[in-house]
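# Commentary on secondary and tertiary structure
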Amino acid sequence: MEIVSLKNIQFNFSEKKRRTLNTTTSIAVIKDLSLTVNENEFCLITGPSGSGKTTLMHIIALMLHQKSGERKIFGKKITKESPLDEIYAIRKKIGYLFQSPYLPSHLTVKQFIEAQALLTGVGMRSARERAYEWLEELKIVDLANLLPTSLSGGERQRVALAALLVKDVSLLLLDEPTGNLDEENKEIVWKQITALKNKGFTVITVSHDEHLHSFFESHYLLNYGSLKKQ
Ligand SMILES: Nc1ncnc2c1ncn2[C@@H]1O[C@H](COP(=O)(O)OP(=O)(O)OP(=O)(O)O)[C@@H](O)[C@H]1O
Ligand SMILES: [Mg+2]
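Residues numbered from 1 in each chain as written. Chains lettered and ligands numbered in written order. Predicted model: local features only at pLDDT ≥ 70, side-chain atom pairs only at ≥ 80, totals over all residues. Heavy atoms only, no water.

### Topic: the overall build of the protein
For clarity, the cut-off: Numbering goes from the N terminus for both helices and strands, where a helix is a DSSP run of H or I of at least four residues and a strand is a run of E of at least two. Radius of gyration here uses only the C-alpha atoms, and the compact-globule reference equals 2.2 Å multiplied by the residue count raised to the power 0.38. Residue burial is assigned from relative accessible area. The probe radius is 1.4 Å, only protein chains are included, and a residue is buried under 20% of its type maximum, exposed over 50%, and partly exposed in between.
A count of helices and strands for the protein gives six helices and 10 strands. On C-alpha atoms alone, the protein measures out to a radius of gyration of 18 Å, which is about the 17 Å that the 2.2 N^0.38 rule sets for 230 residues. Counting only C-alpha atoms, the protein reaches 50 × 40 × 40 Å along its principal axes. For the protein, buried positions account for 47% of its 230 residues.

Below is the structure:
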């Protein structure tokens, strides 16, 4: 099954939005972009800073809408005009991990992950079980009672990932998830992400770091608004 299908997508930020940057020209960030990602595929997209990687992820996550072209997510065609309930139903299945994810400072790791599980509508007991399962899977059980201020960058990323995974998502969008980490922590985080392959997740990662390609089955370069298979 095709989880993501983009055909000839075009997107540009409007002049109004760029006004603060003191320019009047609108730039075409995404010019003619096509991409297919199948169920359980691990796909890497690299490209220079400013090439539109985050913009592309926002289009896939339905946070931005294309100006033209066709976008299907989980087989459903979604445009700017699509009803909100269709958009929300798809968003529920998507986990978006930011480069520097927000972790509330007043909740312990365990409390935060449990709270995210509760948001799916399950009861407390089930939320606790699910949280524990992912704490174990991502090897962060030892961190369960800590507050985010005492976590390292790599640990924070794994906690943020667990908080997405308890929500029963199936498509993970990872935006430079190891951009701020040293080599050792990068390796740990990627090992955990790679292990998700056996659990059926589909993963799209954008990054500057071309060295990550060994963790992925498909690799594209984003440049001048379109993708080139590597
Ligand atoms: N909200 C916005 N309004 C106007 N222009 C924007 C906005 N967001 C991004 N841009 C512009 O669009 C282009 C692509 O930005 P984007 O954030 O997608 O790049 P990126 O490849 O993710 O870069 P990086 O590797 O630095 O994260 C940049 O030129 C940027 O200035
Ligand atoms: Mg970016």
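The discussion continues.
### A short note on the packing of helix α3 (residues 109-118) against helix α4 (residues 124-137)
The line we're drawing: A fitted line through C-alpha atoms represents every axis, and for helices the fit uses only the stretch in contact; the resulting angles, taken between N-to-C directions, go from 0 to 180 degrees. Angles below 35 degrees are treated as roughly parallel, those above 145 as roughly antiparallel, those between 65 and 115 as roughly perpendicular, and all remaining angles as oblique. Each helix crossing is assigned a hand: it is left-handed if the near helix lies turned anticlockwise from the far helix by less than a right angle, otherwise right-handed if that turn is clockwise. Pairs of residues are marked as contacts when any of their non-hydrogen atoms sit within 4.5 Å.
Contact geometry of α3 with α4 gives a least axis separation of 8 Å together with a crossing angle of 125°. Taken together, the axis directions place α3 and α4 in an arrangement best described as oblique. The two elements α3 and α4 meet at a crossing, and its hand is right-handed. Side by side, α3 and α4 meet where V109, K110, I113, E114, A117 and L118 of the first sit next to M124, A127, R128, A131 and L135 of the second.

### Here's the deal with the site of ligand 1
As a reminder, the rule being used: Only a single heavy atom is needed: when it lies within 4 Å of a molecule or strand, its residue is near that molecule or strand. Identification of polar contacts relies on pairs of N or O atoms within 3.5 Å, with a donor-acceptor requirement for protein atoms, meaning one able to donate a hydrogen and the other able to accept it, and with residues adjacent in sequence counted only if both atoms are side-chain atoms. Accessible areas in this description were obtained via Shrake-Rupley with a 1.4 Å probe; residue shielding takes into account the shown protein chains only.
The immediate surroundings of ligand 1 are formed by 13 residues, with S49, G50, K53, T54 and T55 found nearest. G50 places a polar main-chain atom, nitrogen or oxygen, 2.8 Å from an oxygen atom of ligand 1. With respect to ligand 1, the backbone of G52 contributes an N or O atom lying 3.0 Å from an oxygen atom. Isolated, ligand 1 exposes 640 Å² of accessible area, and the fraction of that covered by the protein chains is 67%.

### Observations regarding the layout of surface pockets
Under the convention used in this document: Cavities and pockets are found on a 1 Å grid laid over the protein atoms alone: a cavity is a set of points where a 1.4 Å probe fits but cannot escape, a pocket is an open set with protein on both sides within 12 Å along at least five of seven lines, and a lining residue has an atom within 4 Å of such a point. Grid points are joined across faces, edges and corners, and a volume is the space filled by probe spheres set on the points. Residue classes follow a fixed rule: Ala, Val, Leu, Ile, Met, Phe, Trp, Tyr, Cys and Pro count as nonpolar, while Asp, Glu, Lys and Arg count as charged, and any other residue, Gly among them, counts as polar.
Approximately 510 Å³ is the volume attributed to the largest pocket. The element best represented in the lining of the largest pocket is strand β6 (residues 94-97), accounting for four residues. Counted by class, the lining of the largest pocket contains 15 nonpolar, three polar and three charged residues. Here the second largest pocket is characterised by a volume of approximately 180 Å³. Across the lining of the second largest pocket, the residue classes break down as four nonpolar, four polar and three charged.

### A few points about helix α5 (residues 153-165)
Rules: The span one expects for a helix is its residue count, reduced by one, times 1.5 Å.
Taking 1.5 Å as the rise per residue, α5 with 13 residues should run 18 Å; its terminal C-alpha atoms sit 18 Å apart, in good agreement. For α5, the tally of buried residues reaches 10 of 13 residues, placing the bulk of the element in the interior. Looking at the buried side of α5, the elements it contacts are β6, α3, α4, β7 (171-175) and α6 (183-194).

### What about the pairing of strand β3 (residues 42-46)?
Note the following rule: At least two DSSP bridges between two strands are needed for those strands to be called paired.
The element β3 is extensively covered by neighbouring structure, given that five of its five residues are classed as buried. Here β3 shows two buried faces, one formed by F42, L44 and T46 and the other by C43 and I45. The sheet contact formed by β3 and strand β9 (residues 218-223) spans four bridges and is parallel. Opposite C43, over in β9, you have S218 as the bridge partner.

### Some words on the pattern of salt bridges
Filter applied, for reference: A side-chain nitrogen of Lys or Arg and a carboxyl oxygen of Asp or Glu constitute a salt bridge if their distance falls within 4 Å.
Taken as a whole and judged by the stated rule, the model has nine salt bridges. With its nearest N and O atoms 3.7 Å apart, the salt bridge here joins K77 to E70. Its relative accessible area of 23% is what places E70 among the partly exposed residues. The partner of E114 in a salt bridge is R128, with the nearest N and O atoms 3.8 Å apart. Taken together, the positions of E114 in helix α3 and R128 in helix α4 put the pair 14 residues apart, joining distant regions of the chain. Here R128 falls in the partly exposed class, since its relative accessible area comes to 47%.

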